[in-house]
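Okay, here's what each chain looks like letter by letter:
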Amino acid sequence: MKKILLIIFPLFLSGFLFSQKKTSTRKPKPIPKFNYHEEFKKISDEIFLHGTAYDNLGELTKGVGSRFSATPGYAKATEWAEKNLKEAGAENIWKQEVRVPVWTRGKESLQIKTSSGDWKSIKMLSFGNSEGTKGKDLIGDILLVNDVHEFINLRIPDVKDKIVFVNYPIDPTVISTVDSYMIAAKSKLISASVIGQKGAKALIIRSLTTASDDIPHAKQIYYEPDDKARIPAMTIGVRSADELENLLKKTTVKAKINMSAESKGETINHNIIGEIPGKKDSKVIVLGAQLDSWDFAEGAHDDGTGVVQCMEVLRTFKALGYDNNHTIRVVLYANSENGGMGRETYAMSVKKKEEKHILALGTDSGGYSPRGFSLDMSPQRRRLIFEWKNYFLPYGIYDFDQTYAIQDIAPLKKLDIPLVEMVVDTQRYFDYHHSEKDTFDKVNKRELLLGAVAMTQFVFMIDKNW
């Protein structure tokens, strides 16, 4: 028995030692190429110490000013954008032709009076692309409508030859102001075509705003192609809207409208595009923002902040010496406010050229504190991004649960390109949106730069991991 043990034990021992040696020679786990926490800190420090976005926004809003499509202001904005993209480090910069509508606001006025009163002027704004009155007075009784149910039950004789006033506010109980705005904006109540089909002479709406002042906020009009009765449409401030409703509950009120707004065909504007070519391949990560603003506004939050944040991403990649794997491209869109032809033109170009885009990131909700990113993409792609949450949390970025992307990148969805929209705190955005109050002084420098930080960090992660 002892002999057997003496023979077996050494064999057992040698087998044990061999297995131990084999285990100890296993290859160690590969060390990550990047310490993402450190890289995020580098990006943040670079932008807060050396970022140019705030100064650039001052130049755009105060130096260039309003930049409505088909105006000299927009042409000036394109020159500014080319110069600043070059300074940001873009290696390839070009213009993309876009056919845009030529629409001029001209003179406009709205007056009201009761049977016992004089004409009283109310501050107003024509809808973008609205028909005018050819400079003549349009007079009619005002018909008040408060909700869709009430409008549906109106008969054509009730509406015919009336000036319909829709006092339909943004719902203050909806916490997301973007959601509450979109609910109101998509209502048929504020469609000039729908109102016109029932025989109305004109449309007046309560401005779609969260503010409680009397500043009107612009809106774009959409006439149906076969709409034979293209009636004029305008917005008024919320105080005037409430006062007019109270007056209509007591007596008949007439309106006198005079608008010289008119459309004059089309012309050529340009999307401005700048990029840093990829070192590994030519696949594109595109950043998008609208370059145009309304004709009466500086367009600081809408969307000057987005423009300068996109530029800041390029500048930061260059400043930190990052060798981007994929092409990082900035597209500054024309004609977002009164047509959307810039975004449609870019999407058509991508399709025609069969350019491979791995992601599109848009920002058009103002330069407020960033809260996250809305991910309009496949569940598999979303799960990959969810794994990065802990890197973003120190910067106040936590919301990755939303799935919409409604800004100028939206047409790219038809090409199966994953879309991302930066989510910001929008509680103040619709106080200023599409109004003369959307000015440079309403933008907080630190919030603006923090948005640029978040965008750059996100693009960095996509570039290194997709």
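Computed from a predicted structure; not experimentally measured.

Calculation rules
- Residues numbered from 1 in each chain as written.
- Predicted model: local features only at pLDDT ≥ 70, side-chain atom pairs only at ≥ 80, totals over all residues.
- Heavy atoms only, no water.
- Helix = DSSP H or I, 4+ residues; strand = E, 2+ residues; numbered from the N terminus.
- Contact = heavy atoms within 4.5 Å.
- Core = buried A, V, L, I, M, F, W, Y, C linked by side-chain atoms within 4.5 Å.
- Buried < 20%, exposed > 50% of the residue type's maximum accessible area, 1.4 Å probe, protein only.
- Pairing = 2+ DSSP bridges.
- Axes fitted to C-alpha atoms, helices over the stretch in contact; angles between N-to-C directions.

Draft legend 1. Representation of the side chain of Glu 298 in the model. Among the secondary structure elements, Glu 298 is positioned in the loop between β11 (284–290) and α10 (300–319). If near-sequence neighbours (up to four positions away) are discounted, Glu 298 is found in contact with Thr 61, Lys 62, Gly 65, Arg 67, Ser 293, Asp 438, Thr 439 and Phe 440.

Draft legend 2. Structural detail: the nonpolar core. Ranked by size, the top nonpolar core spans 94 residues in total, and within it Leu 332, Leu 359, Phe 373, Ile 385, Phe 458 and Ile 462 carry the most contacts. When residues of this core are assigned to their parent elements, the largest contribution, 12 residues, is made by helix α15 (residues 445–465). Leaving out residues up to four positions away in the same chain, Leu 332 has contacts with Tyr 74, Ala 81, Leu 85, Asn 271, Ile 272, Ala 289, Leu 291, Val 307 and Met 311. Ile 142, Ile 204, Met 234 and Ile 236 belong to the second-largest nonpolar core, a separate cluster that totals 20 residues.

Draft legend 3. Here's a closer look at the sheet that holds strand β9 (residues 253–259). As summarised here, the arrangement of the 8 strands in space is β3-β2-β9-β5-β6-β7-β8-β4, forming an open sheet in which the pairing is mixed. If you trace the sheet from one side to the other, it starts and ends with β3 (120–122) and β4 (124–126), each paired once. Here the average twist between neighbouring strands, direction ignored, is 30°. Of the pairings in the sheet, the one linking strand β6 (residues 163–166) to strand β7 (residues 202–206) comprises 4 bridges and is parallel in character.

Draft legend 4. Spatial organisation of the sheet that holds strand β14 (residues 370–376). Taken in spatial order, the 7 strands make up an open sheet running β1-β10-β12-β11-β13-β15-β14, and their pairing is mixed. Edge positions in the open sheet fall to β1 (92–104) and β14, since each of these has one partner strand only. Taken over all neighbouring pairs, the strand axes of this sheet differ in orientation by 20° on average, direction set aside. Bridge count between β1 and strand β10 (residues 262–276): 12 bridges; the pairing is antiparallel. Bridge assignment links Val 98 to a residue of β10, and that residue is Asn 269. Against the sheet, helix α4 (residues 72–88) engages β1, β10 and β12 (327–333), with an angle of about 5° to β10.

Draft legend 5. Main features of the side chain of His 301. Tracing the sequence through the fold places His 301 in helix α10. Taking the relative accessible area as the measure of exposure, His 301 reaches 1% and is therefore buried. When sequence neighbours within four positions are dropped, the list of residues in contact with His 301 reads Gly 366, Gly 367, Tyr 368, Tyr 429, Tyr 432, Asp 438, Lys 442 and Val 443.

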